[in-house]
Amino acid sequence: MRYAMAVDTKKCVGCSDCVVACQTENNVPIGYCREWVVEVMAGTYPQLEMEIRSERCNHCVNAPCVRCCPTGASHFSDGGIVLVDPKKCIGCGACIASCPYDARYPHPDGHVDKCTFCIHRIKNGLEPACASVCPTKCIYFGDMDDPNSNVSVVLKKRKFKTLIPEAGTDPQLYFLI
Amino acid sequence: MKEEIFVSGRMNHLVDPHLNIWHWEIPLYLFLGGLAAGILFFAALYFINGKEDQYPTAVKRTPILAPILLIIGLLALFFDLRHKLYFWQLYTHIKLQSPMSWGAWTLMVITPVSFIWSALYIREFFPNWDWKYNWIKEVEKFLQQYKKVIAWIMLIYAVILGIYTGILLSAFNARPLWNTSILGPLFLASGLSAGAAVTLIMSKSPEERKRFAQIDLIIIGIELFLIIHMFMGFLASTQVQIDAANLFLGGPYTMAFWIFVVILGMLLPAALEIMELRKFHIPAIVPAILVLFGSLMLRFIFVNAGQMSRWLY
Amino acid sequence: MTNRRQFIKITAFGAGALAIGSGAYKAMAGFSSTTEAAKLTVNLTRTPTYCEVCFWKCAGWVYKNDEGKIWKIIGNDDDQHCNGRFCPRGTGGVGMYFDEDRLKTPLIRTSERGKQIFKQASWDEALTYIATKMKDIASKHGPESMALFTHGSGSSYFSTLLKAYGSANVAEPSYAQCRGPRDEAFMATFGEEAYSPEITDIRDTKCLVLIGSHIGENMHNGQVQEMSDAIDKGATIITVDPRFSTAAGKSKYWLPIKPSTDIALLLAWIHEIINQEYYDKKYVEKYCSGFDQLKEHVKDYTPEWAYGITTIAPDQIRKTAKEMANAAPAVIVHPGRHVTWYGDDTQRIRAVAILNALLGSWGRRGGFYRPSKQAVPSSEHPEFPTPAKTWSDAFPGKYSVASTPVSNALIDASIPENNPGFAIKGWIVNGTNLVNTIPNQANTLKAIQNLDLMVAIDTMPMEITGWADVILPECTYLERYDNLRVSPHRKPAIALRMPATEPLNETKPGYWIARELSKKLGLEAFFPFEKQEDFLDWQLKKIGSSLEEMIRIGVKTFEREADDLYFANDEAIEFPTDSGKIELYSLAFEQAGFDPMPKYIAHEEPPAGFYRLIYGRAPMHTFSRTANNPNLTDLMDENTVWINPKVAKEWGIVNDQYIWLKNQDEIISEFSIKVRITERIRWDSIYMVHGFGHAQKQMKRCFGRGASDTQLITKVLTDPLMGGTGMRGNFVTFITEKTEQEVAS
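The shown structure was predicted, so the numbers you read here are calculated from the model rather than taken from an experiment.

How each quantity is defined
Residues numbered from 1 in each chain as written. Chains lettered and ligands numbered in written order. Predicted model: local features only at pLDDT ≥ 70, side-chain atom pairs only at ≥ 80, totals over all residues. Helix = DSSP H or I, 4+ residues; strand = E, 2+ residues; numbered from the N terminus. Rg over C-alpha atoms; globule rule 2.2 N^0.38 Å. Buried ≥ 20, exposed ≤ 12 C-beta atoms within 10 Å, placed from the backbone. Contact = placed C-beta atoms within 7 Å. Axes fitted to C-alpha atoms, helices over the stretch in contact; angles between N-to-C directions. Left-handed = near helix turned anticlockwise from the far one by under 90°. Nonpolar A, V, L, I, M, F, W, Y, C, P; charged D, E, K, R; others polar. Core = buried A, V, L, I, M, F, W, Y, C linked by C-beta atoms within 7 Å. Domains from an automatic or database assignment. Expected span 1.5 Å × (residues − 1). Pairing = 2+ DSSP bridges. pLDDT = per-residue confidence, 0-100. Parallel < 35°, antiparallel > 145°, perpendicular 65-115°, else oblique.

Brief notes about the overall build of chain C
Line of reasoning, step 1. Tallying secondary structure elements over chain C gives 25 helices and 28 strands in all.
Line of reasoning, step 2. On C-alpha atoms alone, chain C measures out to a radius of gyration of 25 Å, which is about the 27 Å that the 2.2 N^0.38 rule sets for 745 residues.
Line of reasoning, step 3. Taking all 745 residues of chain C together, 61% fall into the buried category.
Line of reasoning, step 4. A separation threshold of at least 6 residues defines the contact pool for chain C, and within that pool the share at least 24 residues apart is 74%.

Here is the structure:
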C-alpha cells in the first residue's frame, strides 16, 4: 500500500477550503496551518498563465524528516504516511529544518506537527478532509499500489509533476498540469 | 514577469516567512561542542604521543574546561527543545541516520570521559585534593592504569564530536547552504583551532605556546582552504547552492561572514601569530580570543544563514 | 410594470413528496465522504444547519467533539447547493461562533450619535427603548417613516414586524447594490429572474461565458463546483474581464476588455450572431418577439466597431461568437451577480439576456434550467395594515422599474435636504453593515444623523453598530433555529437549521428578538408561535415531514411534479412578460420611458495619473462580514492593491510596500494597503478585494487591516431604471507617504 495525493492545478481555484478544513478537522490551532495554497503567474499582460497548487506534506518515500529524527517520533505509518508521535517528539526542530517543503511546524504544545493525510479518516474509509471538502474536486487521494484508485487512474491519464524532485525525497504529492 | 505567491496559509511561527527554528542555542551548542572536542583532541593526542610533560597545559589543564563546556552546551541544547519533558526519549532510541541522535550519544560518551580525564588531573589545580571515600580512590587507581585506553576513546570521540557539529547541519539537504560535506571538516578544524587557542591562553610554557601557535596557523590555513573549496563547490553546483553561496557573496551575510569569521577570526589572528613566531611581542591572548570569537561567529552565521537558504518559494 | 416574481414552479404541499434516500450510500469506488458520522468511531453528535456565511445557504452538519464543543461543519451530501462540500467560508463558519469579539449584550447609546459611548442594557430595557421610540415615530410621522435594511435569515422576522407595524420599507442592499439590475433585466426579457442559486446549468454546458463574473473568486459554491465539472468535461470557457481572474486562468478565451465597455462587446456579439445567422432560428421564431427591431438596432455594431471601443480584436469577437454558436443551446452567457457597475447595468444585463435568448439557452440543457421550489405554508396571522406611503412615494417617478424597495433611495429619503415626498425617521438595520455596503459613506452617515431612531442587529460590532442608538446582539446561525430554506433548484428541497449549541452570552435568535419587540408594540398576533421550533414542526407536518425527521436528515429533496427541468421540444410556452414572449425588444421598458434595447454609452475614463478602481471578491471572505472570523483571517487577513508592473515602475512602487489610495474626490483611504505588483491587472486599472479596511476597533483582528474600497467609492452612477448604485466609476491615485495634514484629515 502506498498512499498518495494528486492535485489538479487546472481545476484548483485557490479557495483555500483545504487549508481551513484541515484546520478544523485536525484542531490545528488558529495562526498555524498544515496546508497552504500557492499561485504561480507567468507572462506579460495579456499573455498570461496561472498555476494554482494546494500544497502540504509530500509524504516522501525517502523522507529526510524521518531520517533525521533522533527519537523515532517522525516515522512511516501505514501506506508510507509520515507521522509524528507527539509522545516521542522532543521538539528539537531537526525535522523542520530537514524538510525542503517547509511542511512541518512547531505546535504551540511543543511537539512538531504536520499533515497526516487524515489517517484517522482513512482508517474509517473516508478521504482526507482536504480532498473531501474541495469544491472543485481537484484533490485526488488513494493507493498508488491499487491501479483502480482515484489517484492511480488520474495519474495514468494526465501529465503531472512533483515539487523539487531533485531533492531526492521521492515526494508523493503530485500536481496535474 | 514571474510571480509566485502564497494565496493562503504559510503563516507558521518560526517557519514562515523563512525558517527561524534555531536561535542562539544551537550555534552555541555547536561552538561549545567543537571547542570541547578541540581541547580533548589535543589532550588525548599528546598524551598518546607521550608528550604529557612537554605540553602539560594541553594534556592536563585545559581538559578541566571540557566537561563544563559540554554541560553548558547540553543545557543550551535542552533550552532549544520545545518538548522538554520528553528529553529522555533521546536516550531510549539509537537512530543511526540521525545526526541529532549521533550527537546525543557521542555526548553521552565523551562527557563522562571528559569528567574522568579532568578528575585524573584534578591535582593539577588542587594539589591536596582528597577523594575522601576509599572506593573512589580505588576507581581512580584503576582508571590511572587505563589512561591510554581512555585517551584513545577520547581522541576518537573528540574527532566524531568535532565533525558532528558540522554534520548536524550538512545532513539537511533542504538547506542548500548547509548541504555540503565541507562543513564537517570545516567545523572540526574550527573546533581544533579554538581548542588550540584555549591552550595558547592558559599555557605558561613558551615551547608549548610556540607549538600551539604553529598548530593554529596550520589549522587556519586548512580552514581558509576549506572555505575557498566550499564556495567553489557551491558556485559550480545547482542554482539553489549558487543562491546559498550568494548569501555570503553580496547577500545579507556578506559583511558578517567576511569580517567576523574570515578577517577577524582567521586572517588577523594568523597574522598576529606569525608576528609572534617572528619574535614580535604580541600578547598571546589577543589572537587566541580572536580565534575563539571567529569560531563562535562561524556557527552563528552558518546556523542563521542556512535557515535563509531554501529550494522553493 | 407587472411584478412576476412568483412565476417559479411551486410544488403543491405534500403532493409527490418523495424524499430522496438521504442516508443512502453512494456507490462510489474507493473513498467517499458519505455518512461521515456512521464511519467515524469517535463519539460525536451532529446537528443539521444551513450556512449563513453567504447567501448560497449550503446545508450541512455541525459536529461537536467529546466535550460537546463545536468542532467542524461538513456539507450535507443530499444538498443540491453544496453536494456535501462546503466552501472555505462555510467550513470556517465555526470561527463566527468562536470569535471573541462578538457582540455580547444589548447596548444603549449614552452619548451623541457616532461617539460610540454605550451602556450595557438588559433585553427588556433595550426593547422597551426601541418600542417607545417606534411608537413615537408612528404617532408623529406615521409608521411608514420606519425603514428596515436587512440581509440574511433574520429578514423574514423583521420584515414581518415592520409590515405589522405599518411600513413596507424593507430594503435589501443585495438588490440595489448587487443583483437588482440583473433581476430586472431578466424579468424584462424572460419574465423571470435568474434566481439564487442561479439557474445556470453549468455542469452540462459546453460553453460558459463570464462577463466580469469571477467564479472561483466569488465562492458561489454550486457554481464553482459545476464549473469544475464543466472543465473536466472539456467545456469552453470565455472570460471577459480587464483582470486576469482565476476563471480567466481556466479559460480558452480571455478577452482583456477595456473597463466600462462591456455593452459594446455584447452588441457586437449580438450583431455577429444575427449577421452570421448563428442564432437559434426556430427558438427565436417560436418564443421571441422584437427580433426584427433588434436586427435593425445592431446592424452597425460590427466587431470592428467594438474593437475601437473595447480593445478586443474583431477576430477574437468573431471566434468567440462562433464558439457560443457551436455550443448552443448548451451555452451560458452568465448573468453575473454583483452587476451594479456603471449605472447602465440593467441595460447591459439586458444585452446578456438577449444574447442567451438568441442562442436559445433559456430553458435548455447546458443553458438555463427550469427551477423548482418546495412550497411551505406560512403561519396564519392578521392581515398587514396598508401603509399610507411606500418608498417610491419619497421620490415619485424615480426608479420605476425597481420591483423592491431601493436601499439608497430610503437612505436619501432620510435626509431632509433632499426634500423627499415623506421622510424616513427610523431605521432597523439587520445583518448588513451599511457603512461598508452602500457607496458614498458620507451620505449614509448624514442620513443616520437625521434619524429619531437607529437600531442595529448583528452578531459582530460592525461599523454600522457604532452609529446605532441601540445594538441588539444576535446569536450566530450555529446557535439558533431559522426558517426552512426553500430555495429553488433542479429539484424542490427543504433544509433545516437548528442550534448546535446554546447561544453564547446574552445573544438571542432573530426570531426571538422580533417576537419580543412585537410584544412591546402590541403586535404579537403576527408571531403566533412562541418558539420557532414549534412553528417549524407545524409547518413541516403540513408537508408530510416533521421536525424530528428533519433533525435526522437535515435536507429533504422532493421529486419534481413533472419532467420539466428543460423545455420540451416545440413546447408551447407563454412567458410571463407583457407580450407572453421572450422580449428582445422590451415593451415594459419602452412604456416606462427607457430604451427598449440596450445601447452603448461611453463612460468617463480615468484622468492622467489615476486608475479605475475595480473591486471584487476573495473566496475566503463574504463581503466585509467575515473579516474578523479567526479561521478566515488565518486564510487572508488583509487585501492588497493590484498594480500593473508598468504602472508600479512609473511610480517607483515596490511589492509589499504599504500605500494609501486617493480618489477623484480627494478622499484618502483611512488605512494603507499592501501593494501586489502583478500582470493580472490592466495598466489603466487597479484591483482590490472588497471588505477590508475595517475602522471598528472592537474587531481586533481586522481593524486597520487593508483598505476599504467602499470608502473610495464616492461617485455613484445610479441606474435610472431601478436605482442600482454603479460603483465602478471611481478613480484612484497613489500616495506613498501621508503628510501630517492628510493623516489628520
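Some points on the overall build of chain B
Line of reasoning, step 1. Regarding its fold elements, chain B presents eleven helices and one strand.
Line of reasoning, step 2. Scanning chain B from its N terminus toward the C terminus, one meets helices and strands in the order β-α-α-α-α-α-α-α-α-α-α-α.
Line of reasoning, step 3. Overall, the C-alpha framework of chain B stretches about 75 × 50 × 25 Å when taken along its three principal axes.
Line of reasoning, step 4. Here chain B holds 313 residues, and the buried ones make up 51% of them.

Let's talk about the packing of helix α1 (residues 25-48) of chain B against helix α11 (residues 285-308) of chain B
Residues and elements named next belong to chain B.
Line of reasoning, step 1. Running from N to C, α1 and α11 cross one another at 140°; their axes reach a closest spacing of 8 Å. Pair α1 / α11 crosses with right-handed handedness. Mapping the contact onto sequence places Ile26, Pro27, Leu30, Phe31, Gly34 and Leu35 in α1 and Ser295, Leu296, Arg299, Phe300 and Val303 in α11.
Line of reasoning, step 2. Considering only residue class, the contact of α1 with α11 consists of eight nonpolar, two polar and one charged.

Concerning the nonpolar core
Line of reasoning, step 1. In terms of nonpolar packing, the biggest core is built from 384 residues, with B:Leu40, B:Ala43, C:Leu267, C:Val455 and C:Ile686 touching the most fellow members.
Line of reasoning, step 2. Looking at this core, the element that brings in the most residues is α1(B), giving 17 residues.

Some details on the domain arrangement of chain C
Residues and elements named next belong to chain C.
Line of reasoning, step 1. Assigned domains of chain C: these are domain 1 (1-100 + 475-508 + 528-566), domain 2 (102-169 + 390-473), domain 3 (181-371 + 576-591) and domain 4 (611-744).
Line of reasoning, step 2. The centre of domain 2, based on its C-alpha atoms, is set 27 Å off from the matching centre of domain 4.
Line of reasoning, step 3. Listed by partner, the interface residues are 16 residues for domain 2 and 19 residues for domain 4.
Line of reasoning, step 4. Among the residues making up the side of domain 2 that touches domain 4, the classes are represented as nine nonpolar, six polar and one charged.

A word on helix α5 (residues 134-145) of chain B
Line of reasoning, step 1. Between the first and last C-alpha of α5(B) there are 17 Å, a value that for twelve residues agrees with the 16 Å anticipated at 1.5 Å per step.
Line of reasoning, step 2. Buried residues are scarce in α5(B), accounting for zero of its twelve residues.

Some thoughts on the interface of chain B and chain A
Line of reasoning, step 1. With 41 residues of chain B in contact, the opposing surface of chain A contributes 44 residues.
Line of reasoning, step 2. Residue assignment for the side of chain B that touches chain A shows that the elements contributing at least two residues are β1 (3-8) and α4 (99-120) of chain B.
Line of reasoning, step 3. No other element matches the six residues that β1(B) contributes to the side of chain B that touches chain A.
Line of reasoning, step 4. Pairing of strand β2 (residues 36-44) of chain A with β1(B) involves five bridges; the strand directions are antiparallel. Looking across to β1(B), one finds that A:Val38 is bridged to B:Phe6.

Focus on the sheet that holds strand β13 (residues 331-333) of chain C
Residues and elements named next belong to chain C.
Line of reasoning, step 1. On the basis of which strands lie adjacent, the open sheet formed by four strands has the order β11-β10-β9-β13 and parallel pairing. The sheet is open, and its two edges are formed by β11 (253-255) and β13, each paired on a single side. Each adjacent strand pair in this sheet contributes to an overall mean axis angle of 10°, direction not counted.
Line of reasoning, step 2. By the bridge criterion, three bridges tie strand β9 (residues 207-211) to β13 in an arrangement that is parallel. Of the residues in β13, the one forming a bridge with Leu208 is Ile332.

Describing the interface of chain C and chain A
Line of reasoning, step 1. Taken residue by residue, the interface counts 41 residues in chain C and 39 residues in chain A.
Line of reasoning, step 2. Those elements giving two or more residues to the side of chain C that touches chain A turn out to be α1 (36-39), β4 (70-75), α2 (88-91), α7 (221-232), α8 (246-249) and α22 (630-635) of chain C.
Line of reasoning, step 3. When residues of the side of chain C that touches chain A are assigned to their parent elements, the largest contribution, five residues, is made by α7(C).
Line of reasoning, step 4. Here the side of chain C that touches chain A is built from residues that sort into 18 nonpolar, 14 polar and nine charged.

Let's talk about the sheet that holds β4(C)
Residue and element names in this part refer to chain C.
Line of reasoning, step 1. The strand order across the open sheet built from three strands is β2-β3-β4, with neighbouring strands paired in antiparallel fashion. The sheet terminates laterally at β2 (45-50) and β4, the two strands that pair on one side only. Sheet twist, expressed as the mean angle between neighbouring strand axes with direction ignored, is 30°.
Line of reasoning, step 2. The sheet contact formed by β2 and strand β3 (residues 59-64) spans six bridges and is antiparallel. Bridging across to β3, Tyr50 finds its partner in Ala59.

A closer look at the environment of B:Phe293
Residues and elements named next belong to chain B.
Line of reasoning, step 1. With respect to the helices, strands and loops of the structure, Phe293 is situated in helix α11.
Line of reasoning, step 2. With 193 residues separating them in the primary sequence, Phe293 and Met100 have C-alpha atoms 25 Å apart.
Line of reasoning, step 3. When neighbours within four sequence positions are excluded, Phe293 is seen to be in contact with Leu264 and Gly265.

Observations concerning the confidence of the model for chain C
Residue and element names in this part refer to chain C.
Line of reasoning, step 1. With 93% of its residues at a pLDDT of 70 or more, chain C has an overall mean of 92.
Line of reasoning, step 2. Below a pLDDT of 50 lies the segment residues 37-43, which in the model reaches nine contacts outside its immediate sequence neighbourhood of four places, other chains included.
Line of reasoning, step 3. Confidence estimates for the predicted assembly give a pTM of 0.93 and an ipTM of 0.96.

Quick look at the environment of C:Asp77
Residues and elements named next belong to chain C.
Line of reasoning, step 1. Within the element layout of this structure, Asp77 appears in the loop between β4 and α2.
Line of reasoning, step 2. Classification of Asp77 as buried rests on a count of 24 C-beta atoms within 10 Å.
Line of reasoning, step 3. Along the sequence, Asp77 and Ala121 sit 44 residues apart, while their C-alpha atoms lie 43 Å from each other.

Regarding the packing of helix α7 (residues 183-202) of chain B against helix α8 (residues 206-235) of chain B
Residue and element names in this part refer to chain B.
Line of reasoning, step 1. The geometry of α7 relative to α8 is characterised by a closest axis approach of 9 Å and an angle of 160° between their N-to-C directions. The angle between α7 and α8 falls in the class roughly antiparallel. The two elements α7 and α8 cross, and the hand of that crossing is left-handed.
Line of reasoning, step 2. In the contact of α7 with α8, the residues fall into 16 nonpolar, three polar and four charged.

Details of the environment of C:Ala59
All names here are of chain C.
Line of reasoning, step 1. Considering the arrangement of structural elements, one finds Ala59 in strand β3.
Line of reasoning, step 2. C-alpha separation for the pair Ala59 and Gly90, spaced 31 residues apart in sequence, amounts to 9.6 Å.
Line of reasoning, step 3. If sequence neighbours within four positions are ignored, Ala59 has contacts with Pro48, Tyr50, Asn76, Asp79, His81, Cys82, Arg485, Ala495, Gly554 and Val555.

Quick look at the pairing of strand β10 (residues 173-176) of chain A
Line of reasoning, step 1. Note that strand β1 (residues 3-8) of chain A and β10(A) share four bridges and pair parallel. Residue pairing across strands places A:Asp8 opposite A:Leu176, the latter belonging to β10(A).

Description of unusual backbone geometry
Line of reasoning, step 1. The omega torsion across C:Ser196 and C:Pro197 is -10°, close enough to zero to call that bond cis.
Line of reasoning, step 2. With respect to the helices and strands, C:Pro197 occurs in the loop between α6 (173-190) and β9.
Line of reasoning, step 3. C:Pro329 follows C:Ala328 through a cis peptide bond whose omega is 5°.
Line of reasoning, step 4. Phi angles above zero are rare outside glycine, and A:Ser16 is one such case at about 75°.
Line of reasoning, step 5. By secondary structure assignment, the location of A:Ser16 is in the loop between β1 and α1 (17-25).
Line of reasoning, step 6. Even without a glycine there, the phi angle at A:Lys137 is positive, about 50°.
Line of reasoning, step 7. Assignment of secondary structure puts A:Lys137 in the loop between α5 (129-133) and β8 (139-143).
Line of reasoning, step 8. Under the C-beta neighbour-count criterion, A:Lys137 is labelled partly exposed, with 18 such atoms within 10 Å.

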